[in-house]
Amino acid sequence: MADIIQLLPDHVANQIAAGEVVQRPASVVKELLENAIDAGATTIKLVIKDAGKTLVQVIDNGKGMSVTDARLSFERHATSKIKTADDLFQLNTKGFRGEALASIAAIAHVELKTKQEHEDVGTCIEIEGSKVNKQEVVVTPKGTSISVKNLFYNIPARRNFLKSNTVETRHIIDEFHRVALAHSNISFVMFHNGSETFNLPESNYRQRIVNIFGTKTNEKLVPVDEDTEVLKISGFVGKPEFAKKTRGEQFFFVNNRFIKSAYLNHAIGSAFEGLLKDGAHASYFLNLTVNPQTIDINIHPTKTEIKFDDEHTLYAILRSAVKHSLGQFNIAPVLDFDRDANLDTPYSYQQKGTPSVEVDRSFNPFKEEKQSIGAVSTSYKKAPASNWESLYVGLESKGTQTQQDFSEVHFESSSKNESIFENENQVEQKQTTYQFHNKYIVSTIKSGMLLIDQHRAHQRVLYEDFLKNMTVKEAMSQQLLFPLQLHFSPSEIEIINQLKTDLEHTGFIFQTIKGELLEIAGVPVSVPESEVSIILEQLISDVENEVPDSNFSATDLLAKSLSKSLAIKAGQSLTLIEQEHLVNSLFACKEPNVSPTNRTTFVTMTVDELDKKFI
């Protein structure tokens, strides 16, 4: 039998590795930024075109590479970060696997320019699909510039899996934020399609957070600082009143490396227990410094998952440190057991204040007794006794007429009660809907019973209304007496700018969109002013996290987000008229069977099915 096992060619092996390392343009951004940091750069520029599908370029002023290193850097498992297996547990660099550049070069057009400080000229290398097309001497400044063009050009299937430019740009910005937050001592600049998106100068950690998420963030931050033998914690958590419904502002960094950990996230949630509303998530920007020997980073090529030697200890320290900070800065209520309860003022006396003392300065005990008696008698002077007899004069003669007058009196309350009782049977006969557990609406049909999910049904009704308004462009708007001012981060303002036209078609009127300030002069009729901020935050979150197919429009996404935010929730009691209106509106829709997210809105149960339940 012939041998069937063979070694794969390098370009095939690189493409397989690229499937793990490079999942989207944001993956390329992450790898190139981390390489620039490992090179000791103090200034890093990121240039993006068409959400990274056309170009991703990173320029740094690091130490650069020699001619040999520049060529060798594109080979698989070629790295300067580690030399032996023991080095995996003493890592102080971002990269160590030696796969990133080889994987990127296998699926894109790559151009590398690099020069070391003591050299007069640098090196330029051009690679297409793992094949080196050109290597020559070039004049270039100190550091490295690497351009990745036409990502996935030789794997069309992978390119088709990429999402819309808005979604891919959001992922790139997320990766940029993660790297920039971990290294506030490095200056970062980001350009997207020729315009400057971020310009982050070298600063302290608090200022870096404010520069990324907006000046309004400064008042939300509570410092956290704890130093133990096992773990050192530094950073900030957000105040509970500024908690969001999304997890967008949650960052853990272990030894300046961004990680995701549901276990440590639970520790933060436990520290905020009792301080957050239902469905709200606290913001945090925490740096954890541990001994590199106690963690294992080599789990996944993306290096966002880490294994800890003693997770339980880290959990306890992190929870205590956050709880201590919240109490120290009077964010959380504190119980003082040394307080003397006898000194407390009862609640009933808190509003009364100090009792007032009144003195009658005209009082004279030596005045004559007749004078005081006279004063009392005049103030309480009684009417002559003869007057009381006049009250009863003529009553006997008018007795018959008085009874007649009282018999003709009609009381308003009694007539109302009579009308309610008269129509009660009629109301019961007309009622065709019932609310069950404030979540479902039960309605009768000829063949049996109809059970409707009120939240999903209202979502479908609102969704079709918003789509119609945005298409016809005739939405009703409600003018505000005073413009509503909201503050968002620069990236969130950019998303609102992209959706501005569609939002205006739904009824929003924007007065000013400048910097981090958003002024709204009008809102849709169905939107309460108090919920505008919540609705826009939810919309931004949906745009950031939504991964629709490329044929889905922003209009559809906007209608889905608004309908989800404004639809009545489970647990909300509805009147009989509201129930009937919702049922009628649902079945007037084009697709009443499913919600905008393709979930069932109602189920039917026939009489035969009910009969079978009693067999």
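Details of the structure are given in the entry above.
Residues numbered from 1 in each chain as written. Predicted model: local features only at pLDDT ≥ 70, side-chain atom pairs only at ≥ 80, totals over all residues. Heavy atoms only, no water.

Draft legend 1. Geometry of the overall build of the protein chain. Regarding its fold elements, the protein chain presents 19 helices and 22 strands. Looking at the protein chain residue by residue over its 615 residues, the buried ones come to 40%. A separation threshold of at least 6 residues defines the contact pool for the protein chain, and within that pool the share at least 24 residues apart is 68%. Surface exposure of the protein chain reaches about 36800 Å², of which carbon and sulfur atoms provide 51%. (Helix = DSSP H or I, 4+ residues; strand = E, 2+ residues; numbered from the N terminus. Buried < 20%, exposed > 50% of the residue type's maximum accessible area, 1.4 Å probe, protein only. Contact = heavy atoms within 4.5 Å. Areas by Shrake-Rupley, 256 points an atom, 1.4 Å probe, with all protein chains shown as cover.)

Draft legend 2. Region of interest: the environment of Lys569. By secondary structure assignment, the location of Lys569 is in the loop between helix 17 (554–566) and helix 18 (576–586). Those residues in contact with Lys569, other than ones at most four positions away along the chain, are Asn438, Gln454, His455 and Lys564.

Draft legend 3. Examining the sheet that holds strand 19 (residues 477–487) more closely. Taking strand neighbours across the sheet as the criterion, the three strands line up as 19-21-20 in an open arrangement whose pairing is antiparallel. The open sheet has two edge strands, strand 19 and strand 20 (509–514), and neither has a second partner. Going across the sheet, the axis of each strand differs from the next one's by a mean of 15 degrees, ignoring polarity. One ladder, built from five bridges, connects strand 20 with strand 21 (residues 517–524); its direction is antiparallel. Opposite Thr512, over in strand 21, you have Glu519 as the bridge partner. Seen against the sheet, helix 15 (residues 490–506) touches strand 20 and strand 21 and runs at an angle of roughly 165 degrees to strand 20. (Pairing = 2+ DSSP bridges. Axes fitted to C-alpha atoms, helices over the stretch in contact; angles between N-to-C directions.)

Draft legend 4. Representation of the pattern of salt bridges in the model. One pass over the full model with this rule turns up ten salt bridges. The shortest N-O distance in the salt bridge between Glu34 and Lys30 comes to 3.4 Å. Taken together, the positions of Glu34 and Lys30, both in helix 2 (residues 25–38) and four residues apart, correspond to about one turn of that helix. For Glu34, a relative accessible area of 8% corresponds to the buried category. According to the relative accessible area criterion, Lys30 is buried, its value standing at 10%. As a salt-bridge pair, Arg71 and Glu75 come within 3.3 Å of each other at their nearest N and O atoms. The structure contains a network of salt bridges with shared partners spanning Glu126, Lys134 and Glu136. (Salt bridge = Lys/Arg side-chain N within 4 Å of Asp/Glu carboxyl O.)

By themselves these figures say nothing about function.
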